[in-house]
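# Notes for the structure review
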Amino acid sequence: MSTIKRFSISLDNALLEKFKRKIMTKGYANRSQAMADLIRKSLVNIEWDASQGEVIGTVTLVYNHHRKDIVNQLVSLQHQFHQGILATTHIHMDKENCLEVLVVKGKAKKIREVYNQLGRLKGIKFSDLSTATTGRHLT
Ligand code: NI
């Protein structure tokens, strides 16, 4: 059984106020719960990157499909990394913007490399890599 340890941290007041406002909208019961969640997420990120085995996650991309050549470049890059992309979902957000989510699996270093290449394409408006885990060893 884990024990609870109390500790104090020093934060910039504006940052703390922003944090307090944000956690209210997330439905956390208190700041401790919100902080524990952030720490777990950060630990997952670190362990994901350090893992020698296969890891899993998702890449989210938003882009304007009218932008010259972006669709061809995206498809071409995804085909180069076809072994690591398990699934893709494409949603037409509006007349010009597309949202694409890729489920990726493989070595963390390779996934980061592909993610960086995708995110650097001209016309990408938003990119995010979500590192997933079962969280079995995190309480
Ligand atoms: Ni689209």
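It should be emphasised that the depicted structure is a prediction, and the values quoted were computed from it without experimental measurement.

### Considerations on the domain arrangement of the protein chain
The domains assigned to the protein chain are domain 1 (13-50) and domain 2 (54-132). Counting from both sides, the interface comprises 4 residues of domain 1 and, opposite them, 8 residues of domain 2. Here domain 1 and domain 2 share an interface that buries about 560 Å² over both sides, 59% of which is from carbon and sulfur atoms. Ranking the residues of domain 1 by area buried against domain 2 places Asn45, Trp48 and Asp49 at the top, with a combined share of 90%. Ionic pairing is found between Asp49 and Arg112, a salt bridge with its closest N-O pair at 2.8 Å. Between the two partners, domain 1 and domain 2, sit 3 residue pairs in polar contact (both at pLDDT 80 or more).

### Topic: the layout of surface pockets
If you add up the space inside the largest pocket, you get close to 760 Å³. If you trace the largest pocket, you find 20 residues lining it, with Lys5, Phe7, Ser32, Met35 and Ala36 closest to the centre. Those elements giving two or more residues to the lining of the largest pocket turn out to be helix H1 (13-26) and helix H2 (31-50). In terms of residues, the lining of the largest pocket owes the most to one element, H2, which gives 7 residues. Class assignment for the residues of the lining of the largest pocket results in 11 nonpolar, 5 polar and 4 charged. Space inside the second largest pocket adds up to approximately 230 Å³. Taken together, the elements giving at least two residues each to the lining of the second largest pocket come down to H1 and H2. Across the lining of the second largest pocket, the residue classes break down as 5 nonpolar, no polar and 4 charged.

### As for the packing of H2 against helix H4 (residues 108-120)
At a minimum axis separation of 7 Å, H2 and H4 run at an interaxial angle of 105°. Taken as axis vectors, H2 and H4 run roughly perpendicular relative to one another. Residues Asn45, Trp48 and Asp49 of H2 touch H4, and the partners they reach there are Ala108, Ile111 and Arg112.

Here is what the cut-offs are and how they apply
- Residues numbered from 1 in each chain as written.
- Predicted model: local features only at pLDDT ≥ 70, side-chain atom pairs only at ≥ 80, totals over all residues.
- Heavy atoms only, no water.
- Domains from an automatic or database assignment.
- Contact = heavy atoms within 4.5 Å.
- Buried area = accessible area lost by both parts, 1.4 Å probe.
- Salt bridge = Lys/Arg side-chain N within 4 Å of Asp/Glu carboxyl O.
- Polar contact = N/O pair within 3.5 Å; in protein donor to acceptor, adjacent residues only side chain to side chain.
- 1 Å grid on protein atoms, 1.4 Å probe; cavity = no way out; pocket = protein on both sides within 12 Å on 5 of 7 lines; lining within 4 Å.
- Points joined across faces, edges and corners; volume = space filled by probe spheres on them.
- Helix = DSSP H or I, 4+ residues; strand = E, 2+ residues; numbered from the N terminus.
- Nonpolar A, V, L, I, M, F, W, Y, C, P; charged D, E, K, R; others polar.
- Axes fitted to C-alpha atoms, helices over the stretch in contact; angles between N-to-C directions.
- Parallel < 35°, antiparallel > 145°, perpendicular 65-115°, else oblique.

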